[in-house]
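Working through the structure, step by step
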Amino acid sequence: MNEFTHFDNSGNAIMVDVGKKEITDRVAKAGGFIKVSSVVLDAVEKGTATKGDVLGVARIAAIMAVKRTSDLIPMCHPLAIDSCSVEFEIDKTNMRIYLICAVKLTGKTGVEMEALTGVSVGLLTIYDMCKALDKNMEIGGIRLIEKKGGKSSHA
């Protein structure tokens with residue numbers, strides 16, 4: 001039996017058949033950060049970045065990315081997302097802006113890729129909106145924090 005679900009026994013890429021999977025409530029939470037300069041952090045906090053409300057735009061970009069994940073990641077199923085939340089935490093000590101994206105749905109497949117995509121695009125949006133102030137920003141730590149629902153559910 002093939003242990004990789006996105007390939008058939010001949011090694012061809014396939015979309016996983018979720019037709020017989022159980023419909024359950026599914027949640028995924030992902031996070032990551034962008035390391036910025038004091039100039040960027042100040043502009044983000046005070047809302048003085050020339051491109052506008054950095055975190056507001058990054059929130060919208062993350063939500064839009066969650067909804068379009070199947071257009072970006074091959075073999076991802078298009079999903080009817082029930083809800084998506086995006087939160088930010090500013091860490092002045094380490095000069096980082098953390099982004100947490102939580103995605104929920106009731107369905108036959110999980111939303112891990114959607115949450116991870118939301119984090120990635122949200123952080124890239126912060127970079128884009130602030131690159132005139134600092135081109136040395138660094139994105140990192142993107143990871144799945146929590147997954148619930150389905151066969152491999154864990155907290």
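Okay, so let's go over this structure. (Residues numbered from 1 in each chain as written. Predicted model: local features only at pLDDT ≥ 70, side-chain atom pairs only at ≥ 80, totals over all residues. Heavy atoms only, no water.)

Side note on helix 1 (residues 38-46)
So the rule is basically this: Note on exposure labels: buried denotes an accessible area under 20% of the residue type's maximum, exposed denotes more than 50%, and partly exposed covers the range between, all computed with a 1.4 Å probe on protein chains only. Where helices and strands are cited, they refer to DSSP runs of H or I of at least four residues and of E of at least two residues respectively, numbered from the N terminus. This arc describes the spread of directions from the helix axis toward the C-beta atoms.
Those residues of helix 1 not exposed but buried are Val40, Leu41, Ala43 and Val44. The buried side chains of helix 1 occupy one side of the element, clustering within an arc of 165° when seen end-on. Following helix 1 by one or two positions, glycine 47 adopts a phi angle in the positive range, close to 70°.

So, the sheet that holds strand 1 (residues 24-35)
In any sheet, the strands associate via hydrogen bonds between backbone groups, in a parallel or an antiparallel arrangement. Our working definition: Here, any two strands with at least 2 DSSP bridges between them count as paired. A fitted line through C-alpha atoms serves as each axis, taken over the contacting stretch for helices, and the angle formed by two N-to-C directions is quoted from 0 to 180°. The criterion used for residue contact is that any of the two residues' heavy atoms lie within 4.5 Å.
Taking strand neighbours across the sheet as the criterion, the four strands line up as 2-3-1-4 in an open arrangement whose pairing is antiparallel. If you trace the sheet from one side to the other, it starts and ends with strand 2 (83-91) and strand 4 (138-148), each paired once. The mean angle between the axes of side-by-side strands here comes to 15°, regardless of whether they run parallel or antiparallel. Inspection of the sheet shows strand 1 paired to strand 3 (residues 96-107) by twelve bridges, in the antiparallel sense. Among the inter-strand pairings, aspartate 25 is bridged to a residue of strand 3, identified as threonine 106. Set on the sheet, helix 2 (residues 54-67) makes contact with strand 2 and strand 3; between it and strand 2 the angle comes to about 140°. The sheet contacts of helix 4 (residues 112-130) involve strand 1, strand 2, strand 3 and strand 4, and relative to strand 1 the element is tilted by about 25°.

Concerning unusual backbone geometry
Where the residue is not glycine, phi is negative for most of them; where a peptide bond is considered, it is trans in most cases. At methionine 75, a residue that is not glycine, the phi angle is positive and equals roughly 75°. Along the chain, methionine 75 falls in the loop between helix 3 (69-72) and strand 2. Its identity is not glycine, yet methionine 95 carries a phi of approximately 55°, on the positive side. Positionally, methionine 95 belongs in the loop between strand 2 and strand 3.

Here's the deal with the packing of aromatic side chains
Rule in force here: Two rings from Phe, Tyr or Trp (for Trp, the six-membered ring) form a pair when their centres sit within 6.5 Å of each other. Planes less than 30 degrees apart are called stacked, planes more than 60 degrees apart edge-to-face, and all others tilted. Cation placement over rings: the criterion is NZ of Lys or CZ of Arg within 6 Å of the ring centroid and within 35° of the ring normal.
Enumeration according to the criterion identifies one aromatic pair in this entry. In this arrangement the basic side chain of arginine 96 is found over the ring face of phenylalanine 33, its NZ or CZ atom lying 3.8 Å from the centre.

Details of the pattern of salt bridges
Definition in use: For this document, the term salt bridge refers to a Lys or Arg side-chain nitrogen within 4 Å of an Asp or Glu carboxyl oxygen.
As enumerated under the stated definition, the model contains eight salt bridges in all. Between aspartate 71 and arginine 68 there is a salt bridge, with the nearest N and O atoms lying 2.5 Å from each other. A single network of salt bridges, built from pairs that share partners, joins Lys29, Glu146 and Lys148.

Points about the side chain of threonine 69
We apply this condition: Think of a polar contact as two N or O atoms within 3.5 Å of one another; within protein, one of them needs to be a possible hydrogen donor and the other a possible acceptor, and neighboring residues in sequence only count if both atoms come from side chains.
Tracing the chain through its elements places threonine 69 in helix 3. Judged by its relative accessible area of 1%, threonine 69 falls in the buried class. A polar contact of 3.2 Å, which involves the side chain of threonine 69, links it to the backbone oxygen of valine 66. Ignoring any residue separated from it by four or fewer positions in sequence, one finds threonine 69 in contact with Cys76, Met113, Glu114 and Thr117.

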